[in-house]
Amino acid sequence: MGSEIIKNTGAESRQDMLLFDPDKVHLVTDPSHPLYDERVHLPIDEAMVASIIDEGVIEPIVFQFDGRPQAGGRVLVADGRQRVTNCREANRRLRKAGKEPRRIPGVPYRGKDAEGLGIMLNEIRTQDTPLVRANKAQRYLAHGHGEDEAARKFGVSIPT
């Protein structure tokens, strides 16, 4: 696929993307570390776990290397803590059911720890309005999906 995908899509270049076992990446829990984020302690999100079981992790995490991996260095998650936490839970359930566990895509961040802090502070994402979510659900249903699937995808109950 290589350069063929660049030619076919009109992309200008490509970037490395790696796949990780979520149990082998490190979530920073030390409040004094520059990559610490208190959201690392949030509970499991059942809707996200169900989505990961169904679709896998779509959006890659951003990570930094803490030293050389050959010398015992770790892959530190700079962005995507909830994806990691919930993928770990999804994999626990998948393994229990005798199914293949999911991997997490990741892209390296090559800046310094302090610069990586800016990744975590990116709170500029726009949430869909209820009307936009309802329209998306309606289109999803119109394409032959059931209400139970739609509810799982949107993280809501069927009556909602």
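Preceding this paragraph is the structure being described.
Definitions and limits used
- Residues numbered from 1 in each chain as written.
- Predicted model: local features only at pLDDT ≥ 70, side-chain atom pairs only at ≥ 80, totals over all residues.
- Heavy atoms only, no water.
- Helix = DSSP H or I, 4+ residues; strand = E, 2+ residues; numbered from the N terminus.
- Contact = heavy atoms within 4.5 Å.
- Areas by Shrake-Rupley, 256 points an atom, 1.4 Å probe, with all protein chains shown as cover.
- Salt bridge = Lys/Arg side-chain N within 4 Å of Asp/Glu carboxyl O.
- Buried < 20%, exposed > 50% of the residue type's maximum accessible area, 1.4 Å probe, protein only.
- Pairing = 2+ DSSP bridges.

Quick look at the overall build of the protein now. Secondary structure summary: the protein contains six helices and four strands in total. Taking the intrachain contacts of the protein between residues at least 6 apart in sequence as the baseline, contacts between residues at least 24 apart amount to 68%. When the accessible surface of the protein is totalled, it reaches about 10,800 Å², and 53% of it is carbon and sulfur.

Our focus in this paragraph is the pattern of salt bridges. Opposite charge on two side chains permits pairing when their charged atoms draw close. A complete count under the given rule lists nine salt bridges for this structure. Ionic pairing is found between Glu 4 and Lys 7, a salt bridge with its closest N-O pair at 3.7 Å. Highlighted residues: Glu 4 and Lys 7, both in helix α1 (residues 2–9), separated by three residues, approximately one helical turn. Using a relative accessible area of 61% as the deciding quantity, one classes Lys 7 as exposed. Among the salt bridges present, the one from Glu 46 reaches Arg 93, with a minimum N-O distance of 2.9 Å. On the criterion of sequence distance, the pair formed by Glu 46 in helix α2 (residues 46–55) and Arg 93 in helix α3 (residues 81–96) is long-range, its members being 47 residues apart. Among the residues examined, Glu 46 registers a relative accessible area of 46% and is labelled partly exposed. Overall, the relative accessible area of 29% leaves Arg 93 in the partly exposed class.

Turning our eyes to something else, we now look at the pairing of strand β3 (residues 74–79). Of all six residues in β3, five are buried; the element is thus mostly enclosed. When strand β2 (residues 61–66) meets β3, the two strands line up antiparallel, connected through five bridges. Bridge pairing in β3 links Gln 64 to Leu 76.

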